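So you can see what is in the structure, the chains are spelled out below.
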Amino acid sequence: MLHGNSVRILTGNSHPELAQAVVERLNVPMTPCTVKKFSNGEINVKISESVRDEDVFIIQSGCGNVNDNLMELLILISACKGASARRITAVIPCFPYARVDKKDKSRAPITAKLVANMLGVAGCDHVITMDLHASQIQGFFDFPVDNLYSEPLMVAYIKTHIEDWKNSVVVSPDAGGAKRVTALADKLGVEFALIHRGRTKNSDELPEVVEVLVGDVRGKVAILVDDLIDTGVTLALATRALRDNGASKVYALISHGLLSETKMSMIQDLPMEKLVVTNTIPQHQHALACDKLVTLDVSPIIAESVRRTHNGESISFLFGDWTGDGVAF
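Residues numbered from 1 in each chain as written. Predicted model: local features only at pLDDT ≥ 70, side-chain atom pairs only at ≥ 80, totals over all residues. Heavy atoms only, no water.

Q: Please clarify how unusual backbone geometry should be interpreted in this entry.
A: Notably, Tyr97 is not glycine yet its phi reads approximately 65 degrees, a positive angle. Summarising the element assignment, Tyr97 is placed in the loop between β5 (87-92) and α3 (111-122). (Helix = DSSP H or I, 4+ residues; strand = E, 2+ residues; numbered from the N terminus.)

Rendered as structure tokens:
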């Protein structure tokens, strides 16, 4: 329960279903606001109720038309700031541009830092996000950032829905996810492995991808773990590499199912049992096209983080095994 009446929850057009699930769990009404576009594409925001001296939470995920949704969030923050809100928290389940977190070549931008700067300039006081692509992104902000984890949901799913999980290996599809899979493997008490992906390219040919598995999966259940899936190419290559190396079954557990360029028919045809994602991104259309897709509900974790933030309680409790009441797999 939220203490007092000084909380307002708003949302833009990115993921209204998730925002509605959060307010229903908190048993508070959604603050009505209208987010539309002018005929030239500019965004027009109107907040229908006062937010003066209120604790405002704006739920907006980095999905769909990312640039439009980011601008909606910035304008909503600015509108609340100009309306004298006491504190403004941006709840961003999937942080936009998180993959561009460093200069990996000359003249490359660090767009995640730019987004952090824009949020600060707009008037944001606090950010709640989930499964950042790189944890150092928290250091890009000059105000508090709480990075929630979907790991407790994934552990619960593995123990509940994968029959032979004790004979499993947690696998990272690339070297960058090694820390993520070792943490999950330690919680499950199983081994881990990773796939090293190299590319060879000739001037007249398409790049050839070479997958090298580091670890033993023969006769075991392989559980692929990653923070996001977009094109599905990495997932397809990793799945086939694991089956070629003798894995008895393959499951994939991925935090953010962007699936923006993925042909769901390709996922359907992969030699894997299930692709498990969270609803930080809307998954209705994807689920209709692929019966292997399973969606985990993160609204209990987000709602609890909002409640604890508003009431001034620690949210470190959410970093443990808490998954919320009535979590639907």
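This is not the end of the story, as more comes after the structure.
Q: Which parts of the structure should I look at to understand the environment of Leu224?
A: When you line up the elements, Leu224 lands in strand β11 (residues 221-229). Given the relative accessible area of 4%, Leu224 is considered buried. For the pair formed by Leu224 and Phe192, sequence separation is 32 residues and the distance between their alpha carbons is 9.9 Å. When residues no more than four places from it in sequence are discounted, the contact partners of Leu224 are Val171, Ser172, Pro173, Leu235, Ala238, Thr239, Leu242, Val250, Tyr251, Ala252 and Leu253. (Buried < 20%, exposed > 50% of the residue type's maximum accessible area, 1.4 Å probe, protein only. Contact = heavy atoms within 4.5 Å.)

Q: Explain the UniProt feature "domain: Ribose-phosphate pyrophosphokinase N-terminal" (unreviewed entry) in the chain to me, please; I cannot follow it from the model alone.
A: Residues given the UniProt feature "domain: Ribose-phosphate pyrophosphokinase N-terminal" (unreviewed entry) here are residues 8-123. Here residues 8-123 runs as 34% helix and 22% strand, with 16 Å between its end C-alpha atoms. (UniProt positions renumbered as here; feature names shortened; annotations may be inferred.)

Q: Help me out: how do you make sense of the pairing of β5 in this one?
A: Two faces belong to every sheet, and in a regular strand the side chains alternate between them. In terms of burial, β5 is largely enclosed, as 5 of its 6 residues are buried. As paired elements, strand β4 (residues 55-59) and β5 share 5 bridges and run parallel to each other. Bridging across to β5, Phe57 finds its partner in Thr89. In terms of handedness, the path from β4 via helix α2 (residues 66-82) over to β5 forms a crossover that is right-handed. Pairing geometry for β5 and strand β6 (residues 126-130), over 4 bridges, is parallel. By the bridge assignment for β6, Ile92 is matched with Thr129. (Pairing = 2+ DSSP bridges. Right-handed = clockwise from strand over helix to strand, strands pointing away.)

Q: Would you mind showing me how to read the pairing of strand β12 (residues 249-257) here?
A: Most of β12 is tucked away: 8 of the 9 residues are buried. As paired elements, β11 and β12 share 8 bridges and run parallel to each other. Looking at the pairing, Asp226 lines up with Ile254 of β12. Running through helix α6 (residues 233-244), the crossover from β11 to the neighbouring parallel element β12 is right-handed.

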